[in-house]
Amino acid sequence: DTAVSQTPKYLVTQMGNDKSIKCEQNLGHDTMYWYKQDSKKFLKIMFSYNNKELIINETVPNRFSPKSPDKAHLNLHINSLELGDSAVYFCASSQGDRGPLSNYGYTFGSGTRLTVV
Amino acid sequence: GDSVTQMEGPVTLSEEAFLTINCTYTATGYPSLFWYVQYPGEGLQLLLKATKADDKGSNKGFEATYRKETTSFHLEKGSVQVSDSAVYFCALSGHNDYKLSFGAGTTVTVRA
């Protein structure tokens, strides 16, 4: 059983399109995240939800909108895609309600490689 | 804010060589420290962690010791294998923080 699963694994789309990436975790974790990894492998946090509540919202264009229908799911919708959005997007989850990362760290999905042409 | 600096790669080694990847951090309070590994085409996996000063994390022959006095968490392995070829990330989180701050990653290639 995959702990954190993302779909699709690969996504090729044209500039200006709208697309969504889905993430589901079956670990019973309270918190989920979206990270963006650029071509140099640098990881930057985008959003985080704890029990369906947005708790981290970094400086990300408004074209990116996360949605968490329940604590096991965190989807990422991107409007009006641009060339610079091409990257690998990782979903992750973690357990805990205070100091949650101190002992547990994250469990990552395998990533979605988005290519905008 | 909290941040992590790790040595730049790429690092290329022969099999059975000794590997060290330096990592230093800047944080208020007492963060938890992590090493993650990313194999080609995969997501990140937790390699090891340490939650307080002088703790040593270890896994798969890798070790790292939380050194508060030097604010460091260097990763070491005594004898690398080709299968250790990957990107290694140092990361930290504050005591009450939901966010992991990652270093820039170090690409390691081990030649047979």
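Quick note: structure is the one above.
The present account deals with the structure reproduced in this document. Keep in mind it's a predicted model, so treat the numbers as computed, not measured.

### Quick word on the overall build of chain A
And step 1. Each helix and strand in chain A was counted, giving 1 helix and 11 strands.
And step 2. Its helices and strands taken in sequence order, chain A reads β-β-β-β-β-β-β-β-β-α-β-β from the N to the C terminus.
And step 3. For chain A, whose C-alpha radius of gyration is 14 Å, the value lies close to the compact-globule estimate of 13 Å for 117 residues.
And step 4. Dimensions of chain A, computed from the C-alpha atoms along their principal axes, are close to 40 × 30 × 30 Å.
And step 5. Looking at chain A as a whole, 47% of its 117 residues are labelled buried.
And step 6. Sequence-distant contacts, at least 24 apart, represent 56% of the contacts inside chain A between residues at least 6 apart.
And step 7. Measuring between centres, the 13 positive side-chain charges of chain A sit 5 Å from its 11 negative side-chain charges.

### With respect to the packing of aromatic side chains
And step 1. Overall, the coordinates contain 14 aromatic pairs over all chains when judged by the stated rule.
And step 2. Ring geometry for Phe 64 of chain A versus Tyr 89 of chain A: centroids 6.3 Å apart, planes at 35°, classification tilted. With Phe 64 of chain A in strand β7 (residues 64–70) and Tyr 89 of chain A in strand β9 (residues 87–94), this residue pair connects regions lying 25 residues apart in the sequence. The pair Phe 64 of chain A / Tyr 89 of chain A is uniform in exposure class, with both members buried.
And step 3. Ring-pair connections join several aromatic residues into one group, and the members of that group are Tyr 33, Tyr 35, Phe 90, Tyr 106 and Phe 108 of chain A together with Phe 34, Tyr 36, Phe 89 and Phe 102 of chain B.

About the cut-offs
Residues numbered from 1 in each chain as written. Chains lettered and ligands numbered in written order. Predicted model: local features only at pLDDT ≥ 70, side-chain atom pairs only at ≥ 80, totals over all residues. Heavy atoms only, no water. Helix = DSSP H or I, 4+ residues; strand = E, 2+ residues; numbered from the N terminus. Rg over C-alpha atoms; globule rule 2.2 N^0.38 Å. Buried < 20%, exposed > 50% of the residue type's maximum accessible area, 1.4 Å probe, protein only. Contact = heavy atoms within 4.5 Å. Lys, Arg positive; Asp, Glu negative; His and termini not counted. Charge placed at Lys NZ, Arg CZ, Asp CG, Glu CD. Phe/Tyr/Trp six-rings, centres within 6.5 Å; stacked < 30°, edge-to-face > 60°.

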